[in-house]
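Summary of structural features
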Amino acid sequence: MKSRVFIKTAAALMLAAAAVPGMAADPEMPSQGPLPFDGMDTDHDGYVSQEEYRHAHSERLQQRQEEQHQYQYRNMDEAPHYADLDTDHDGRVSREEFQAHQQNRMQERSQERTERQQQREEHRQEMMERHQERVEEMQQHRLEQPAGGMYPGGGMGGGKR
């Protein structure tokens, strides 16, 4: 009985996934992450033209809108310009240029992450030092208090009634 329910549920989920807009899109064009070279090289000549590049990016935007992607435009402003990829300025991007750009971008992001981690660690150290200074100030303040308590006449407050 349970296996029939499981099979029916799995079949329903597969049918529902097939009906979702954008799911039948080009499998070489993922909705997240960097665009793959082969997904942009639509004429399969081994190069990406500026038109192919523009088309791939507009297709990505449309795909995200159809999927109602939670972060439709996240990092879109960080997408490289075509001129950044075409390093030899021949009007087309080769696989080697594309891979070199991706490698450089990964190194830049790695360095940025390392710098952020160092900044967080420096901030944490500053906070620990401030905390330690405050603890020492409080201990010094306690040592300077009269032996009878915090208020004149001894005791912790209230005075005579």
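These figures come from a predicted structure and were not determined experimentally. (Residues numbered from 1 in each chain as written. Predicted model: local features only at pLDDT ≥ 70, side-chain atom pairs only at ≥ 80, totals over all residues. Heavy atoms only, no water.)

**Brief notes about the pattern of salt bridges**
The test is simple: Each reported salt bridge corresponds to a side-chain nitrogen of Lys or Arg within 4 Å of a carboxyl oxygen of Asp or Glu. Under the DSSP-based scheme used, a helix requires at least four consecutive residues in state H or I and a strand at least two consecutive residues in state E, with every element numbered from the N terminus. Exposed residues in this analysis have more than 50% of their type's maximum accessible area, buried residues have under 20%, and partly exposed residues fall in between, with area computed by a 1.4 Å probe over protein chains only.
Inspection of every chain in the model, using the stated rule, returns seven salt bridges. Between Arg95 and Asp38 there is a salt bridge whose closest N-O contact spans 2.6 Å. Residue Arg95 is found in helix H5 (residues 95-144), and its partner Asp38 is found in helix H2 (residues 37-40); the two are separated by 57 residues along the sequence. Classification of Arg95 as partly exposed rests on a relative accessible area of 33%.

**Observations concerning the nonpolar core**
Inclusion rule: What is meant by a nonpolar core is a set of buried Ala, Val, Leu, Ile, Met, Phe, Trp, Tyr and Cys residues, joined one to another through side-chain atoms within 4.5 Å. Any two residues having at least one pair of non-hydrogen atoms within 4.5 Å are treated as being in contact.
Core analysis: the biggest nonpolar cluster contains ten residues, these being Leu35, Phe37, Met40, Val48, Tyr53, Ala56, Tyr82, Leu85, Val93 and Phe98. Secondary-structure elements contributing two or more residues to this core are H2, helix H3 (50-66) and helix H4 (82-85). Once residues within four sequence positions are removed from consideration, Phe37 is found in contact with Gly46, Tyr47, Val48, Val93, Ser94, Arg95 and Phe98.

**So, the side chain of Asp41**
Heads up, the condition is: In this count, Lys and Arg are taken as positive residues and Asp and Glu as negative ones, while His and the chain termini are left out. Throughout this description, a polar contact denotes any pair of N or O atoms lying within 3.5 Å of each other; where both atoms belong to protein, one of them has to be capable of donating a hydrogen while the other can accept it, and for residues adjacent in sequence the pair is counted only when both atoms sit in side chains.
Within the fold, Asp41 resides in the loop between H2 and strand E1 (47-49). One buried charged residue, Asp41, forms no salt bridge at all, with the nearest opposite charge on Arg95 at 5.5 Å. From its side chain, Asp41 meets the backbone nitrogen of Asp45 in a polar contact 3.3 Å long. Excluding anything up to four places from it in sequence, Asp41 contacts Gly46, Tyr47, Val48 and Glu52.

**A short note on unusual backbone geometry**
The phi angle of most residues is negative, glycine excepted, and most peptide bonds adopt the trans form. The phi dihedral of His44 is positive, around 55°, even though this residue is not glycine. Here the phi dihedral of His89 falls at roughly 55°; this positive angle occurs in a residue that is not glycine. You can see His89 is positioned in the loop between H4 and strand E2 (92-94).

**Some remarks on the packing of aromatic side chains**
Quick reminder of the rule: Each Phe, Tyr or Trp ring (for Trp, its six-membered ring) is paired with any other whose centre lies within 6.5 Å, and the angle between the two planes then decides the class: stacked below 30 degrees, edge-to-face above 60, tilted in between. Lysine NZ or arginine CZ positioned within 6 Å of the ring centre and within 35 degrees of the ring normal marks a charge as sitting over the ring.
This structure, assessed with the given rule, holds two aromatic pairs. In this structure, Arg92 packs its charged tip against the face of Tyr47, placed 3.6 Å from the ring centre.

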